[in-house]
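# Examining the three-dimensional arrangement
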Amino acid sequence: MERNERSTPVPGKEKEVDIINIKGIEDIGYVQPDSILLNCLTPEENTGCQHGLYFQDGERRVDYILTYHIKKPSSSRSNRQSSRFTDNAFTRSLRRGTARLGRAPTPQPRGDPEVASQDHSMDYHVDDKRLHREEFEGNLRDMGMELEKDEDTKTPGVGFVKIHAPWHVLCREAEFMKLKMPTKKVYEMKQSTGVGAKINTLVNKVTEPLYPNVEDNRTHNVKHLSYMFSREKQHLFDLSDRDSFFDSKTRASIVFEVLKRTKCTKAKYSMGFTSLLGSGVYTDAYPLHDGDLDGENVEPNDRKLLYEEWASYSVFYKYQPIGLVRKYFGEKIGLYFAWLGLYTQMLIPASLVGVIVFLYGCATVDDNIPSMEICHPKNNITMCPLCDRACSYWKLKEACGTARASHLFDNPATVFFSIFMALWAAMFMEHWKRRQMRLNYEWDLTGFEEEEEELKDHPRAEYELRVMQKSLKKEHKTQKNPTEIAEETTNKWKQTVQSAMAGLKLTEKEKLTCKDRLPAYMTNVVMMLLMIGVTFAIVFGVILYRISTKTALHMSNNPTTRSNVRLTVKTTAAIINLVVILILDEVYGAVARWLTVLEVPKTDKSFEERLIFKTFILKFVNAFTPIIYIAFFRGRLVGRPGSYLYVFESYRMEECAHGGCLMELCIQLSITMLGKQLIQNNLFEIGIPKLKKLIRYIKSKRRSFQEEEREKKLQRYETDHFLEPFAGLTPEYMEMIIQFGFVTLFVASFPLAPLFALLNNIIEIRLDAKKFVAELRRPVAARAKDIGIWYNLLRAVAKVAVIINAFVISFTSDFIPRLVYQYMYSPDGSMHGFVNHTLSYFNVSNFQDGKEPMDPQHQVEMCRYKDYREPPWSNTPYVISKEFWAVLAARLAFVIVFQNVVMLMSDIVDWLIPDIPKDISLQIHKEKILMVELFMKEEQGKIQFIDSMMPCGGKEKRNNHAPIARSRSIPHTHSHTHANNF
């Protein structure tokens with residue numbers, strides 16, 4: 001008979017169900033009686049008990065789960081060796097501390113001495129963990145928690161501890177955590193009137209089909225007045241249904257806070273909850289999902305609703321139910337999806353403008369005079385060879401296709417689009433700040449301060465381990481010599497107790513200093529520089545590939561191959577760069593995490609911020625270094641015919657096509673962006689979880705031939721145990737920040753980037769939603785007012801984008817040379833003659849020995865090349881001409897003007913749009929006034945009550961002091977007291 005499915009408890013034969021009795025606790029006049037083991041309801045009577053959402057009594061809800069490794073009696077030595085719990089320095093130090101408290105040594109086993117010693121070590125290790133668990137769970141009971149163990153499950157080798165927080169614990173911790181809860185008081189939210197209200201009503205009617213079928217997503221005209229929970233003022237809150245007052249997300253976060261504060265103190269060094277997880281005392285800890293997603297007789301729950309209305313690709317066109325996401329996952333995850341949704345919405349106008357710019361280029365390509373001159377049949381301009389020896393002279397009209405394609409992205413509209421995208425980024429930032437403030441008001445976070453959360457942020461397990469190791473070293477240095485120890489053997493018990501009590505405080509006094517972390521800091525600097533150097537080396541290797549491949553293809557006997565050399569080299573080099581970027585992204589992510597672990601940050605927040613900074617630097621350099629090279633360096637370090645620049649004395653630096661490097665920049669940018677989005681962001685996120693699930697299925701199928709039946713009988717906490725642990729939001733944010741860089745940094749060369757980003761994000765939102773709802777364990781809800789460091793990174797990228805786009809327009813495109821020619825050198829003010837103006841002359845007799853073409857197809861005396869240099873017949877042949885300096889001055893002037901004008905316009909947008917919406921500011925002010933009125937009403941009620949209870953003489957005496965009493969009794973709106981019932 002299954003342990004969790006029995007219907008009648010049999011005294012004396014109970015199977016390892018540990019119902020922990022709670023001592024009577026007096027809490028605001030409420031006495032918690034000793035808990036009783038209730039008869040477990042049958043599965044038909046209570047489906048929640050059957051599926052593991054409740055204790056065996058079917059009444060108390062499971063708020064949190066701890067798992068630990070259990071050794072089966074029949075487990076062999078090989079199974080013990082395959083265990084992932086290793087006897088590391090951390091657990092060894094803990095055992096030494098426990099031994100000093102007088103624990104009796106385990107008897108030596110008989111038999112083979114070698115096998116016996118290994119078995120003894122493993123048994124001692126397992127027993128040590130068991131004792132730590134018993135102490136920790138006992139401390140949890142002292143904190144008021146109710147626990148229930150389950151070791152007889154269908155998951156071999158795993159034991160489960162189910163934790164339930166009773167009502168008095170929830171109230172106590174809610175007050176300690178300063179949780180804002182809705183009171184009975186409701187007030188009407190002010191609605192806009194006039195033309196604005198009519199427009200909003202019309203927009204709401206039009207967009208009604210876009211809203212998900214979720215009650216939390218509907219707009220309400222009334223709102224509950226919220227205030228920090230207080231046990232003394234419970235009458236202010238609607239406690240008619242205590243089971244639903246604290247939802248599952250809040251209950252789990254409360255239990256998690258208690259777990260972090262609970263410590264094991266019997267060993268010499270106290271161990272926190274993170275240390276217990278890090279040392280393998282507990283293997284996992286997680287809250288439960290609310291229920292199943294599909295199946296027969298599945299009760300409605302928030303998880304199922306999210307799966308149907310949010311995580312389905314069929315609702316891609318609908319808004320996200322952000323309120324329900326926050327209710328189920330917490331504010332931090334809710335803010336991420338709110339930011340992602342707003343970013344995706346803001347990409348719609350950017351995509352439309354980008355498509356219009358691209359279509360403008362397509363419509364005007366036939367009217368572009370420079371490309372018409374290049375493609376003219378009578379054009380007989382002979383160009384100098386593109387490489388030494390193997391390449392021959394070629395006709396300029398052969399670059400007709402490249403010139404026409406370059407005009408699609410190199411036209412006056414791209415300048416407008418660059419300015420538009422800079423202003424778009426500023427408006428996006430301001431819009432998000434307003435949206436964030438609105439969410440803070442709706443989610444009752446207006447009085448929440450993250451500094452208070454940081455003070456409650458507990459040290460990480462690795463930090464505690466390092467502090468313990470440091471304490472051990474100090475202790476060994478200050479140990480007494482053997483003669484002094486011998487003199488104190490008579491008082492050994494007292495010495496042991498004092499040592500243990502001192503050890504409890506030792507780790508609290510110790511901390512890691514900069515001196516302790518200096519080797520890690522030096523390693524970080526060296527490794528970061530090394531990884532950046534690896535990126536530069538790979539880019540240089542791709543450059544050599546392009547140079548050598550171009551020369552080899554020019555030597556081919558196939559005319560088709562020779563005619564498509566540029567396209568072949570560009571495309572293959574871009575694909576190689578993409579593959580390298582994808583590989584290095586994974587490597588750099590692992591390196592950044594390793595370097596952050598070396599630093600041993602104290603808190604999870606510090607660890608996350610350091611990890612984000614390192615990962616962003618490495619991945620940003622990895623993704624954009626090849627693009628920056630093409631945009632700003634390629635074709636500028638070439639030299640001229642007869643005096644080219646060589647690498648390793650044999651590789652001639654590559655040139656840009658006649659239409660400029662903008663077309664090659666567009667190819668590199670599009671392949672990299674699309675490849676990262678399709679392969680890394682979507683294929684990896686879909687494929688890897690599916691592959692892991694398949695592997696787990698195959699492994700479990702080997703253990704059981706009736707997998708489907710076993711799955712049906714798994715408890716909720718067992719099913720969640722097989723889900724992937726939540727690894728944080730850093731990967732999700734990082735891929736969006738890199739995408740934001742593709743959209744803004746080089747948008748002048750690729751106007752379709754916002755469109756591709758929009759299409760990707762429509763899929764990304766539903767993909768991430770499905771991953772959070774169905775494939776990951778439920779994360780512990782975390783409160784947050786904003787998106788943290790990611791906002792600063794977004795602002796930095798937006799600022800850098802203005803500078804980069806200014807340089808792309810002025811130096812990479814031909815926009816400035818065309819303007820200079822049209823207004824300074826053109827005889828009729830048109831673009832006729834621009835191509836000839838940009839080409840210089842070279843006398844083929846001035847080629848260096850061994851560098852001239854081996855088999856020239858044309859017998860020429862002069863060839864042309866793209867540069868501003870004096871002709872060979874001038875007094876200073878091949879010297880940079882005055883036209884070059886005129887164009888350079890115009891380019892630098894454009895960069896300065898463009899950068900300052902666009903940044904000024906961005907600052908104006910920032911100034912014009914207030915960070916806090918006016919209606920939200922008024923509502924926050926109204927809440928404060930209502931809270932003050934509530935407190936005044938409470939004081940008046942107290943005074944009336946006292947007047948009715950006191951005799952007349954007492955009344956007169958009290959009235960003499962009433963003003964003072966009243967003035968002192970009115971609390972501030974930000975105090976921890978609450979108002980009277982109303």
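Fair warning: this is a prediction, and the values are worked out from it, not measured in the lab. (Residues numbered from 1 in each chain as written. Predicted model: local features only at pLDDT ≥ 70, side-chain atom pairs only at ≥ 80, totals over all residues. Heavy atoms only, no water.)

### A look at the nonpolar core
Counting 108 residues, the largest nonpolar core has Trp 339, Tyr 343, Trp 424, Phe 740 and Phe 746 as the members making the most contacts within it. Ranked by the residues each element gives to this core, the list is headed by helix H12 (residues 331-364), at 14 residues. Sequence-distant contacts of Phe 746, defined by excluding residues within four places in its chain, comprise Phe 624, Ile 627, Ile 628, Ala 631, Phe 632, Leu 665, Leu 669, Gly 741, Ile 804, Asn 805 and Val 808. Among the nonpolar cores identified, the runner-up in size contains 37 residues, and Ala 165, Val 169, Leu 170 and Met 271 belong to it. (Core = buried A, V, L, I, M, F, W, Y, C linked by side-chain atoms within 4.5 Å. Buried < 20%, exposed > 50% of the residue type's maximum accessible area, 1.4 Å probe, protein only. Helix = DSSP H or I, 4+ residues; strand = E, 2+ residues; numbered from the N terminus. Contact = heavy atoms within 4.5 Å.)

### Re the confidence of the model for the protein chain
Overall, the predicted model of the protein chain reaches an average pLDDT of 77, with 77% of residues at or above 70. For the protein chain, per-element mean pLDDT is lowest for strand E1 (residues 25-27), which scores 34, and highest for H12, which scores 93. The model gives residues 483-490 a pLDDT under 50, and that stretch makes three contacts with residues more than four places away or in other chains. Segment residues 704-709 is flagged for pLDDT under 50; beyond a separation of four residues in sequence, or across chains, it makes four contacts in the model. (pLDDT = per-residue confidence, 0-100.)

### Here we look at the UniProt feature "transmembrane region" (unreviewed entry) in the protein chain
UniProt records the feature "transmembrane region" (unreviewed entry) at residues 336-360, 413-429, 525-547, 567-591, 611-632, 736-759 and 793-816, using the numbering of this structure. Helix makes up 100% of residues 525-547 and strand makes up 0%, while its end C-alpha atoms are separated by 33 Å. What you have in residues 736-759 is 67% helix and 0% strand, and the ends, taken at the C-alpha atoms, are 13 Å apart. (UniProt positions renumbered as here; feature names shortened; annotations may be inferred.)

### A short note on the pattern of salt bridges
Within the structure shown, the criterion is met by 37 salt bridges. With a closest N to O distance of 2.6 Å, Glu 146 and Arg 60 form a salt bridge. With Glu 146 in strand E4 (residues 146-150) and Arg 60 in the loop between helix H1 (47-50) and strand E3 (64-69), this residue pair connects regions lying 86 residues apart in the sequence. The pair Glu 146 / Arg 60 is uniform in exposure class, with both members buried. Members of the salt-bridge network, linked through shared partners, are Glu 430, Lys 433, Asp 910 and Asp 915. (Salt bridge = Lys/Arg side-chain N within 4 Å of Asp/Glu carboxyl O.)

### Some thoughts on the packing of aromatic side chains
Evaluation of the coordinates by the stated rule reveals 49 aromatic pairs. Where Tyr 64 meets Phe 256, the ring centres are 6.3 Å apart and the plane angle is 25°; that geometry is what we call stacked. Pair noted here: Tyr 64 is in strand E3 and Phe 256 is in helix H8 (residues 248-261), with a separation of 192 residues, a long-range link. Take Phe 256: its relative accessible area is 24%, and that puts it in the partly exposed class. Between the aromatic rings of Trp 310 and Phe 329, the centroid separation amounts to 6.4 Å while the plane-to-plane angle is 55°, which identifies the pairing as tilted. Placement of the pair is Trp 310 in the loop between helix H10 (302-309) and helix H11 (322-329) and Phe 329 in helix H11, with a sequence separation of 19 residues. The exposure classification of Trp 310 matches that of Phe 329, with both residues buried. Its end group placed over the ring of Tyr 841, Arg 864 keeps NZ or CZ at 3.8 Å from the ring centre. (Phe/Tyr/Trp six-rings, centres within 6.5 Å; stacked < 30°, edge-to-face > 60°. Lys NZ or Arg CZ within 6 Å of the ring centre and 35° of its normal.)

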